[in-house]
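Chains, contacts and geometry: an overview
The chain contents come next:
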Amino acid sequence: MKSGFSELVAKAKKGDSQAFAELYSAVYKELYYYALCNLNNSDDAADAVSDAVLDAFSSIKSLRNEDAFKGWMVRILTAKIKRKQAEYISRREYVTSMTADSDDDDDKLMDIPEHESKYEGIELLDHIESLTHNEKMCFSLNAIYGYTGDEIAKITGINSATVRTYLSRGKAKLRKLLAESM
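Anyway, here's the lowdown on the structure attached to this text. All of these numbers come straight from a predicted model, not from anything done at the bench.

Summing up its helical and strand segments, the protein has nine helices and zero strands in all. Put simply, the protein runs from its N terminus to its C terminus through helices and strands in the order α-α-α-α-α-α-α-α-α. Across the 182 residues in the protein, those meeting the buried criterion constitute 37%.

Let us look at the side chain of N134. Note that N134 resides in helix 7 (residues 133-145). By relative accessible area, which is 19% here, N134 ends up buried. In this structure the side chain of N134 is engaged in a polar contact, spanning 3.2 Å, whose partner is the side chain of Y166.

Here we take up the packing of helix 7 against helix 8 (residues 149-156). For the pair helix 7 and helix 8, interaxial distance at closest approach is 10 Å and the crossing angle is 125°. With respect to helix 8, the axis of helix 7 lies oblique. Between helix 7 and helix 8 lies a crossing of right-handed hand. Across the interface between the two elements, M137, C138, L141 and N142 from helix 7 touch I152, I155 and T156 from helix 8. Residues of the contact of helix 7 with helix 8, tallied by class, amount to five nonpolar, two polar and no charged.

This part takes up unusual backbone geometry. Within the chain, N40 stands out as a residue other than glycine whose phi angle is a positive 60°. In this structure, N40 sits in the loop between helix 2 (17-39) and helix 3 (42-59). N40 gets classed as buried once you look at its relative accessible area, which sits at 5%.

Moving on to the pattern of salt bridges. For the coordinates displayed, the defined rule picks out six salt bridges. Residue K84 is joined to D44 by a salt bridge in which the shortest nitrogen-to-oxygen separation is 3.9 Å. With K84 in helix 4 (residues 69-99) and D44 in helix 3, the pair connects residues that are 40 residues apart, well separated along the chain. We note that K84, like D44, is buried. Between K173 and E135 there is a salt bridge whose closest N-O contact spans 2.8 Å. Here the residue K173 occupies a position in helix 9 (residues 160-180), and E135 occupies one in helix 7, the gap between them amounting to 38 residues. K173 sits in the partly exposed class, given a relative accessible area of 32%.

To continue, consider the packing of aromatic side chains. Within the structure shown, the criterion is met by seven aromatic pairs. Taking 5.1 Å as the distance between ring centres and 70° as the angle between the ring planes, the aromatic pair formed by F20 and F57 counts as edge-to-face. Linking F20 in helix 2 with F57 in helix 3, this pair joins segments that are 37 residues apart in sequence. On the accessibility criterion, F20 (5% relative accessible area) is buried. Residue class for F57 comes out partly exposed when judged on its relative accessible area of 42%. Both rings, one in Y24 and one in Y28, keep their centres 5.7 Å apart while their planes meet at 35°; by these two values the pair is tilted. Here Y24 and its partner Y28 are both found in helix 2, four residues apart, which amounts to about one turn of the helix. Under the relative-accessibility criterion, Y24 is labelled partly exposed at 28%. Each residue in the set F20, F57, F69 and W72 is aromatic and connected to the rest through ring pairs, giving one cluster.

Parameters at a glance
Every chain begins its residue count from 1, and numbering advances along the sequence as written. Given that the model is predicted, a residue must reach a pLDDT of at least 70 before its local features are reported, and side-chain atom pairs must reach 80 or more before they are shown or counted; all residues, however, enter totals for whole chains, interfaces and linings. Only hydrogens and water are set aside when side-chain values are computed; all heavy atoms of the structure are taken into account. Each helix is a run of DSSP H or I of at least 4 residues and each strand a run of E of at least 2, with the numbering of both proceeding from the N terminus. The rule is simple: take the accessible area with a 1.4 Å probe, protein chains only, and divide by the maximum for that residue type; under 20% is buried, over 50% is exposed, in between is partly exposed. In protein, a polar contact means a hydrogen-donor-capable atom and an acceptor-capable atom, both N or O and within 3.5 Å, with residues adjacent in sequence counting only if both atoms are side-chain atoms; elsewhere, any N or O pair within 3.5 Å suffices. As a rule, the C-alpha atoms of each element are fitted with a line to give its axis, helices using only the stretch in contact, and angles between N-to-C directions run from 0 to 180 degrees. Here the word oblique covers every angle except those under 35 degrees (roughly parallel), over 145 (roughly antiparallel) and from 65 to 115 (roughly perpendicular). Crossings are sorted by hand: turned counterclockwise from the far helix by less than a right angle, the near helix makes the crossing left-handed, and turned clockwise it makes it right-handed. Here a residue-residue contact requires only that any non-hydrogen atoms of the pair lie within 4.5 Å. Asp, Glu, Lys and Arg are counted as charged, while Ala, Val, Leu, Ile, Met, Phe, Trp, Tyr, Cys and Pro are counted as nonpolar; the rest, among them Gly, fall into the polar class. One side-chain nitrogen of Lys or Arg within 4 Å of one carboxyl oxygen of Asp or Glu is enough to make a salt bridge. Between 30 and 60 degrees the pair is tilted, below 30 it is stacked and above 60 it is edge-to-face, where a pair is any two Phe, Tyr or Trp rings, Trp via its six-membered ring, whose centres lie within 6.5 Å.

Pasting the structure below:
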């Protein structure tokens, strides 16, 4: 998949921060929407993108294929998203174990991110919240970036047959939810 960023990546690899800024400005919206779709929290999505960009900036010299910049950024962001999702899970498990010992549940639950308000009323994105995190990740990589099952498998580290299953199940759930809401 040609990205058209070859010259800018070559400059960025030589330390040109303006070239990196141009690369980032070409992909930041897609990165943010991908993170938002998977984290359901605008602050966490912005933080994940920011962390991914910092990692990319500091390690751009290691990018072997200059035309792979966009996919490389998505892989870095996917790792950040997975870490944030793991944090959510560990916080929920901690709160669950603590609530057995205390009646003051509200104070402990305040630190766990809640789903944001329905993405400004866009119905499809409302329904995406109902997908599992793996279905959501595979669906968003397919829908936002147009990646195939095999490409998603390389990015996420999930077996390609499993990716196809997540895509199929996720799309079926969304079709059903959209049909019910009409």
